[in-house]
Amino acid sequence: MRTQLFALPLLAALPSASAHLHKEAQKAGLMYFGAATDTPGQRERAGKEEAYPRYDRILADNKMFGQTTPTNGQKWLFTEPEQGLFNYTEGDITTDLAREQGKILRCHALVWHSQLAPWVEEATWTAENLTAAITSHVEHVAGHWKGQCYAWDVVNEALEEDGSWRESVFYKVLGDEYIKLAFRLAAEIDPDAKLYYNDYNIERPGPKVDGVIRLVKMLQDEGIRIDGVGMQAHFTASEAPTLDEQIAAIESYAETGVEVALTELDVRIPVPYTDEDLAQQKEDYTNAVGACVQVPACIGVTLWDFYDPFSWVPDFFPGEGAALLWFDDFKKHPAYHGVMYALRNGTRPHHPHPGHPGGPPPPPHCDKKKKGKGCDKPGKPGKPGKPGKPGPWYA
Ligand code: XIL
């Protein structure tokens with residue numbers, strides 16, 4: 001048993017020709033594994049031009065990343081900086097790259113209270129003219145990229161932590177009608193795009209998850225199409241939801257009939273970091289990707305960029321960073337191997353859930369509370385069909 005226990009982490013850490021995220025994700029039954037990216041020069045405004053060729057080569061490798069999302073270029077601030085003045089330059093750079101490289105494209109984000117053009121916040125709106133402004137924005141922006149987006153984040157972050165509606169400029173004037181309007185318009189303008197609601201802190205059951213479900217049902221009750229829930233999955237190591245919590249959240253969305261994706265995954269750690277921080281990060285990444293692999297409704301995972309210097313985290317969370325899978329020197333984080341492990345071994349049959357009744361028992365799921373008490377024990381052998389896996393769940 002000792003050798004077996006040892007063998008897994010070692011195997012997971014060995015570099016191998018097929019150790020590519022998108023390729024493994026597809027083998028695991030996901031549609032894609034991707035990374036968001038920004039326009040050269042905008043990449044967290046960090047300089048680092050000398051790193052571009054190597055960065056671009058990794059991004060261009062479709063075995064590694066089969067999907068991308070523009071981190072900024074499609075947001076209101078860029079696409080309609082002044083009322084009626086549309087500019088697709090920034091967004092096109094990434095969407096063209098996706099087309100040229102044959103990557104699946106997620107489009108982000110049509111209606112969001114943040115990174116709004118100042119004119120939207122400054123104007124005094126009536127319900128009628130704000131409706132007209134949203135209509136024009138969605139018609140132009142979704143129209144420009146019509147047919148190119150696998151999915152659109154139609155509305156982003158409309159909920160407060162307690163599940164109530166966020167008091168955005170849109171909500172203050174239109175109430176929840178603005179959400180219905182945005183989804184109705186997107187469905188009309190880009191009928192082939194999957195229409196998503198996207199938010200953060202919706203990866204473990206709680207009032208905000210309930211709020212998302214309420215939003216989905218509100219649209220469905222009115223006959224308005226919504227196809228997906230995007231769990232942003234911006235995590236802080238050691239505070240990230242457990243595997244089981246994430247599975248429960250995904251399943252609760254799936255029960256409404258929508259698909260789910262991890263749309264902006266990153267796991268931030270304190271900087272400077274320790275080996276323990278990296279180990280915790282590995283566990284958290286493994287759980288996130290493992291949860292997606294284990295629930296059929298979860299169709300893909302997107303990292304919010306993949307290279308630490310281009311992460312938004314250090315700017316937004318002072319004292320934290322190193323949230324992605326490639327360090328500054330392009331070495332891979334230990335978490336990369338955790339993700340690989342989840343893709344290769346966190347397979348659905350090992351975790352029985354409503355979609356897979358009667359599967360063999362899961363390996364023991366390690367979360368931080370159980371560390372040292374069971375995580376280091378081998379898993380129970382599986383029932384017929386599949387051989388049992390030795391624990392721990394994460395490598
Ligand atoms: C972030 C970008 O990564 C940064 O470059 C930008 O300065 C701020 O926005 N939730 C979202 C993303 O939906 O659009 C945000 O992206 C991160 C949080």
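Everything below is about the structure shown above.
Quantities reported herein were computed from a predicted structural model and do not represent experimental measurements.

Go over the overall build of the protein chain with me, naming the residues and quoting the values.
A tally of regular secondary structure across the protein chain gives 14 helices and 10 strands. The burial tally for the protein chain puts 57% of its 395 residues in the buried class. Considering only contacts within the protein chain whose residues lie at least 6 apart along the sequence, 79% involve residues at least 24 apart. Put simply, the protein chain shows about 15,800 Å² of open surface, and 54% of that area lies on carbon and sulfur atoms.

Explain the pairing of strand β9 (residues 298-303) to me, using residue names and the numbers behind them.
Burial of β9 is extensive: six of the six residues sit out of reach of the surface. Bridge count between strand β1 (residues 32-35) and β9: four bridges; the pairing is parallel. Residue pairing in the sheet places Gly34 in a bridge with Thr302 of β9. In terms of strand pairing, strand β8 (residues 259-270) meets β9 through four bridges, oriented parallel. Bridging across to β9, Leu265 finds its partner in Leu303. Remark: the β8/helix α12 (residues 275-294)/β9 crossover connection has right-handed handedness.

Outline helix α11 (residues 243-254), supporting the account with residue identities and numerical values.
Count 3.6 residues to each turn of an α-helix, and residues three or four apart come out pointing the same way. Over its 12 residues, α11 runs 16 Å from end to end, which matches the ideal 16 Å to within 8%, given 1.5 Å per residue. Within α11, burial applies to Leu243, Gln246, Ile247, Ala249, Ile250, Glu251, Ser252 and Tyr253.

Any chance you could break down the site of the ligand for me, citing the residues and the numbers?
The immediate surroundings of the ligand are formed by 15 residues, with Glu44, Asn72, Lys75, His108 and Glu264 found nearest. Note that an oxygen atom of the ligand is positioned 2.7 Å from one of the side-chain N or O atoms of His108. Asn156 is positioned with one of its side-chain polar atoms (N or O) 2.9 Å from an oxygen atom of the ligand. Relative to its free-state accessible area of 420 Å², the ligand is covered by the protein chains to the extent of 93%. By residue class, the composition of the shell around the ligand is four nonpolar, six polar and five charged.

Report on the packing of aromatic side chains, specifying residues and quantitative values.
Inspection of every chain in the model, using the stated rule, returns 22 aromatic pairs. An angle of 70° between the planes, with centres 4.8 Å apart, marks the rings of Tyr55 and Phe310 as edge-to-face. Residue Tyr55 is found in helix α3 (residues 52-60), and its partner Phe310 is found in the loop between β9 and α13 (313-316); the two are separated by 255 residues along the sequence. This pair shows no difference in class: Tyr55 is buried, exactly as Phe310 is.

Can you explain the packing of helix α7 (residues 127-144) against helix α9 (residues 177-189)? Please cite residues and give values.
Remark: α7 packs on α9, axes separated minimally by 10 Å, with the N-to-C direction vectors making an angle of 30°. In the crossing of α7 with α9, the sense of the turn from one axis to the other is right-handed. Facing Thr131, Ile134, Thr135, Val138, Glu139, Ala142 and Gly143 of α7, the residues of α9 in contact are Tyr178, Leu181, Ala182, Leu185, Ala186 and Ile189. Here the contact of α7 with α9 is built from residues that sort into nine nonpolar, three polar and one charged.

Break down the environment of Leu30 for me, citing the residues and quoting the values.
Among the secondary structure elements, Leu30 is positioned in the loop between α2 (21-27) and β1. Leu30 sits in the buried class, given a relative accessible area of 4%. In sequence terms Leu30 and Ala261 are 231 residues apart; their C-alpha atoms lie 9.8 Å from each other.

Cut-offs used in this document
Residues numbered from 1 in each chain as written. Predicted model: local features only at pLDDT ≥ 70, side-chain atom pairs only at ≥ 80, totals over all residues. Heavy atoms only, no water. Helix = DSSP H or I, 4+ residues; strand = E, 2+ residues; numbered from the N terminus. Buried < 20%, exposed > 50% of the residue type's maximum accessible area, 1.4 Å probe, protein only. Contact = heavy atoms within 4.5 Å. Areas by Shrake-Rupley, 256 points an atom, 1.4 Å probe, with all protein chains shown as cover. Pairing = 2+ DSSP bridges. Right-handed = clockwise from strand over helix to strand, strands pointing away. Expected span 1.5 Å × (residues − 1). Near = heavy atom within 4 Å. Polar contact = N/O pair within 3.5 Å; in protein donor to acceptor, adjacent residues only side chain to side chain. Nonpolar A, V, L, I, M, F, W, Y, C, P; charged D, E, K, R; others polar. Phe/Tyr/Trp six-rings, centres within 6.5 Å; stacked < 30°, edge-to-face > 60°. Axes fitted to C-alpha atoms, helices over the stretch in contact; angles between N-to-C directions. Left-handed = near helix turned anticlockwise from the far one by under 90°.

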